[in-house]
Amino acid sequence: MKIGTVTAFSLALALAALPAVAPAAGNAENGKKIVEAKNLGNCAACHVIPNMEFPGDVGPDLVASMQGFTEKDRGTVRQWVWDARAFDPDTIMPPFGPNKLLTNAEVDDVVEYLYSIQKK
Amino acid sequence: MSRLITRTLILVACACWVFPLGAGRYALAGDGSTPPGIKEYKPNISTQEYEKRYKAVYGKFTEQMAQEGNPADFMLDDGKDLFGKVEGAAGKSCASCHGANGEKLKGVAATYPKYDPELKGIDTVALQINRCRKEQMGAPELKYESDPQLALELYVKSLSNGVPINVSIAGPAKPFYEAGKAFYYKRYGQFNFSCALCHVKYAGHMIRANLLSNNRHHADHWPSYRLKWGATGSLQRRFRGCNKNVRQKPEPFQSETYRNLELYLTYQANGVPIEVPGFRM
């Protein structure tokens with residue numbers, strides 16, 4: 001438990017040391033394609049996402065999740081998609097950014113898509 | 001959730017020294033290394049609950065199967081014939097040593113894999129059959145995953161059907177068990193997955209249309225007929241499949257890694273009765 005806390009702490013420090021990734025405006029339409037594509041985001045393998053068949057339930061329903069975020073949280077949402085280990089060192093969510101599963105621009109598009117499914 | 005984020009933000013705010021960037025940033029998690037002293041996950045789901053879910057998701061198929069019969073049953077019959085067939089320089093068959101109907105092997109497969117002092121490593125049923133052929137019968141070893149090899153393995157295991165798995169990891173077996181566990185928990189590849197994430201931490205969850213199986217039931221039913229293969233195969237063939245699915249390089253059959261992994265998984269199934277041949281999607 002103690003080790004877990006220390007790890008989380010170190011990761012948080014690492015995060016702080018990152019150059020602030022200002023989330024660029026993405027393209028929600030393209031984001032939707034990335035989220036759905038099995039060879040790109042494949043997010044529905046684990047998450048409930050609107051209009052996707054056979055979603056998994058390994059992660060939370062992303063419409064519900066997005067209710068917990070405001071416009072000010074774009075950086076946080078981006079970090080979840082880029083590399084969720086910043087929040088949960090033992091996450092099952094693949095590190096899309098660092099492991100080059102998605103490019104910077106693609107992650108921006110996914111973030112834009114996530115905000116588009118947010119109930120306003 | 002928001003509490004976690006708030007806590008992280010607070011930690012970020014009070015950061016006063018710089019953690020090395022670049023490779024160092026990810027060295028803590030997911031660089032493919034195995035953390036020393038792995039903390040095993042608690043099974044996410046009870047056996048009863050998992051079996052209920054399995055029935056709900058796949059029940060239709062398994063019922064149909066039960067009516068039509070398992071294609072692997074034919075292979076089992078072949079295995080029985082092979083068991084009694086004389087082969088090799090010594091003029092013996094398996095039955096010469098183990099009894100006409102394998103009487104002397106009843107329940108034995110339930111104790112495999114096990115440590116073997118001659119191998120200085122882990123012996124599996126498949127490996128032992130080939131050792132017998134070579135050393136006792138003077139017969140050629142059977143190619144792994146070939147029909148006769150699977151048939152004999154199936155027959156020998158069927159002699160333990162209904163017997164609860166009882167594998168030992170005491171004494172010299174321990175380091176091999178630990179190595180199997182380390183492999184099971186090791187993160188690898190672009191997705192940074194480990195076997196344990198899917199089959200322990202999230203067992204019972206759906207990943208797309210697949211129910212993530214509970215590893216307590218991974219070692220009790222192989223060789224199994226698998227619809228996707230349209231063929232009967234071994235547990236180690238299934239290892240290779242999962243390796244490939246998550247973009248990890250598969251190992252050769254009966255490699256040291258796979259034998260250790262088989263020991264680890266079979267130990268997870270201790271107490272579960274052997275039931276071969278199995279049937280899977």
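Residue indices begin from 1 for each chain and proceed along its sequence in written order. Numbering of ligands from 1 and lettering of chains from A proceed in the order in which they are written. Only residues with pLDDT of at least 70 are given local features in this predicted model, and only at 80 or more are side-chain atom pairs given and counted; all residues enter the totals for whole chains, interfaces and linings. With hydrogens and water excluded, all non-hydrogen atoms of the structure serve as input to the side-chain values.

1. Some details on the confidence of the model for chain B
Residue and element names in this part refer to chain B.
Part 1 of the argument: Per-residue confidence for chain B gives a mean pLDDT of 86, with 87% of residues at or over 70.
Part 2 of the argument: pLDDT measures the predictor's confidence residue by residue and takes values from 0 up to 100. Only heavy atoms matter for contacts: two residues are in contact if any of them lie within 4.5 Å across the pair. Note on residues 1-34: pLDDT is under 50 here. Beyond four places in sequence and across chains, it has 53 contacts.
Part 3 of the argument: Across the assembled chains, the prediction reports ipTM 0.86 with pTM 0.85.

2. Quick look at the confidence of the model for chain A
Residue and element names in this part refer to chain A.
Part 1 of the argument: Mean pLDDT over chain A: 85, with 81% of residues reaching 70 or higher.
Part 2 of the argument: Secondary structure elements are taken from DSSP: a helix is a run of H or I of four residues or more, a strand is a run of E of two residues or more, and numbering for both begins at the N terminus. Summarising per-element confidence for chain A, the mean pLDDT is lowest in helix H1 (residues 2-17) (44) and highest in helix H4 (residues 74-82) (97).
Part 3 of the argument: With pLDDT under 50 throughout, residues 1-20 is counted as low confidence; its partners more than four residues away or in other chains account for 33 contacts.

3. A short note on the packing of aromatic side chains
Residues and elements named next belong to chain B.
Part 1 of the argument: Stacked, edge-to-face and tilted are the three classes for Phe, Tyr and Trp ring pairs, Trp counted by its six-membered ring, which pair at centre distances within 6.5 Å; planes under 30 degrees apart are stacked, over 60 edge-to-face, the rest tilted. Scanning the entire structure with this criterion turns up 14 aromatic pairs over all chains.
Part 2 of the argument: Where Tyr115 meets Phe176, the ring centres are 5.8 Å apart and the plane angle is 35°; that geometry is what we call tilted. Taken together, the positions of Tyr115 in strand S1 (residues 114-116) and Phe176 in helix H8 (residues 174-185) put the pair 61 residues apart, joining distant regions of the chain.
Part 3 of the argument: For the ring pair Tyr184 and Tyr264, a centre distance of 5.2 Å and an interplane angle of 50° mean the geometry is tilted. Of this pair, Tyr184 sits in helix H8 while Tyr264 sits in helix H11 (residues 256-268), placing them 80 residues apart in sequence.
Part 4 of the argument: A 1.4 Å probe rolled over the protein chains alone gives each residue an accessible area, and that area as a share of the maximum for its type sets the label: buried under 20%, exposed over 50%, partly exposed in between. Residue Tyr184 is classed as buried on the basis of its relative accessible area, which comes to 3%.

4. Details of the domain arrangement of chain B
It is common to report an interface's size as the accessible area lost on association of the parts.
All names here are of chain B.
Part 1 of the argument: Domain parsing of chain B yields domain 1 (19-67 + 171-280) and domain 2 (70-158).
Part 2 of the argument: Note that domain bounds follow an automatic or database assignment of domains. The C-alpha centroid of domain 2 is placed 25 Å from the C-alpha centroid of domain 1.
Part 3 of the argument: In this assembly, 24 residues from domain 1 lie in contact with 25 residues from domain 2.
Part 4 of the argument: Buried surface at the junction of domain 1 and domain 2, summed over both partners, amounts to about 2,100 Å²; 72% is from carbon and sulfur atoms.
Part 5 of the argument: In protein, a polar contact requires one atom able to donate a hydrogen and another able to accept it; more generally it is a pair of N or O atoms within 3.5 Å, and residues adjacent in sequence count only if both atoms are side-chain atoms. At the boundary of domain 1 with domain 2, the tally comes to six residue pairs in polar contact (both at pLDDT 80 or more).
Part 6 of the argument: Elements supplying a minimum of two residues to the side of domain 1 that touches domain 2: strand S6 (231-233), helix H10 (235-245), H11 and strand S7 (278-280).
Part 7 of the argument: Per-element tally for the side of domain 1 that touches domain 2: the top contributor is H11, with five residues. Using a 1.4 Å probe, buried area is obtained as the accessible area two parts lose upon being combined, added over both of them.

5. Digging into the nonpolar core
Part 1 of the argument: In terms of nonpolar packing, the biggest core is built from 92 residues, with Ile49 and Leu114 of chain A together with Phe83, Tyr184 and Tyr185 of chain B touching the most fellow members.
Part 2 of the argument: When we break this core down by domain, the ones giving at least three residues each are domain 1 (19-67 + 171-280) and domain 2 (70-158) of chain B.
Part 3 of the argument: Beyond its immediate stretch of four places on either side in the chain, Tyr184 of chain B contacts Ser194, Cys195, Ala196, His199, Val200, Asn215, His218, Leu261, Tyr264 and Leu265 of chain B.
Part 4 of the argument: In this text, buried Ala, Val, Leu, Ile, Met, Phe, Trp, Tyr and Cys residues form a nonpolar core when linked through side-chain atoms within 4.5 Å. Judged by nonpolar contacts, the second largest core, of seven residues, contains Ile45, Ala203, Met206 and Leu211 of chain B.

6. What to know about the sheet that holds strand S5 (residues 224-226) of chain B
All names here are of chain B.
Part 1 of the argument: We call two strands paired when DSSP finds no fewer than two bridges between them. Across the sheet, three strands lie side by side as S6-S5-S7; this open sheet has mixed pairing. A strand with exactly one partner marks an edge of an open sheet, and here the two such strands are S6 and S7. Neighbouring strand axes in the sheet, compared pairwise and without regard to direction, differ in orientation by 35° on average.
Part 2 of the argument: With three bridges connecting them, S5 and S6 associate as antiparallel partners. Within the sheet, the bridge partner assigned to Arg226 lies in S6 and is Ala231. As a rule, the C-alpha atoms of each element are fitted with a line to give its axis, helices using only the stretch in contact, and angles between N-to-C directions run from 0 to 180 degrees.

7. Structural notes on H10 of chain B
Residue and element names in this part refer to chain B.
Part 1 of the argument: Along H10, the positions that sit buried rather than exposed are Leu235, Gln236, Phe239 and Asn243. Across the axial projection of H10, the buried residues extend over an arc of 95°, all falling on one side.
Part 2 of the argument: On the buried face of H10, the contacting elements are H8, S6 and H11.
Part 3 of the argument: Taken from the residues just after H10, Arg247 is the one with a positive phi, measuring 60°. Read the arc as the range of directions from the helix axis to the C-beta atoms.

8. Considering the pattern of salt bridges
Part 1 of the argument: Each reported salt bridge corresponds to a side-chain nitrogen of Lys or Arg within 4 Å of a carboxyl oxygen of Asp or Glu. Counting across every chain of the model gives 15 salt bridges over all chains.
Part 2 of the argument: The shortest N-O distance in the salt bridge between Arg85 of chain A and Asp83 of chain A comes to 3.0 Å.
Part 3 of the argument: A relative accessible area of 1% places Asp83 of chain A in the buried class.
Part 4 of the argument: As a salt-bridge pair, Glu87 of chain B and Arg133 of chain B come within 3.0 Å of each other at their nearest N and O atoms. One end of the pair, Glu87 of chain B, is in the loop between helix H4 (72-83) and helix H5 (94-98); the other, Arg133 of chain B, is in helix H6 (residues 125-137), and 46 residues separate them in sequence.
Part 5 of the argument: Taken together, the shared-partner salt bridges in this structure form one network comprising Asp116, Glu118, Asp123 and Arg131 of chain B.

9. Description of unusual backbone geometry
Residue and element names in this part refer to chain B.
Part 1 of the argument: In the segment running from Tyr112 into Pro113, the intervening peptide bond is cis, with an omega of -5°.
Part 2 of the argument: The peptide bond linking Val276 to Pro277 adopts the cis configuration, its omega dihedral lying at -5°.
Part 3 of the argument: Structurally, Pro277 is set in the loop between H11 and S7.
Part 4 of the argument: For Glu145, which is not glycine, the phi dihedral falls at a positive 75°.
Part 5 of the argument: Examined against the element boundaries, Glu145 turns out to sit in the loop between H6 and helix H7 (147-158).
Part 6 of the argument: Take Glu145: its relative accessible area is 18%, and that puts it in the buried class.
Part 7 of the argument: Look at Gln254: it is not a glycine, yet its phi comes out positive at around 60°.
Part 8 of the argument: As for its placement among the helices and strands, Gln254 is situated in the loop between H10 and H11.

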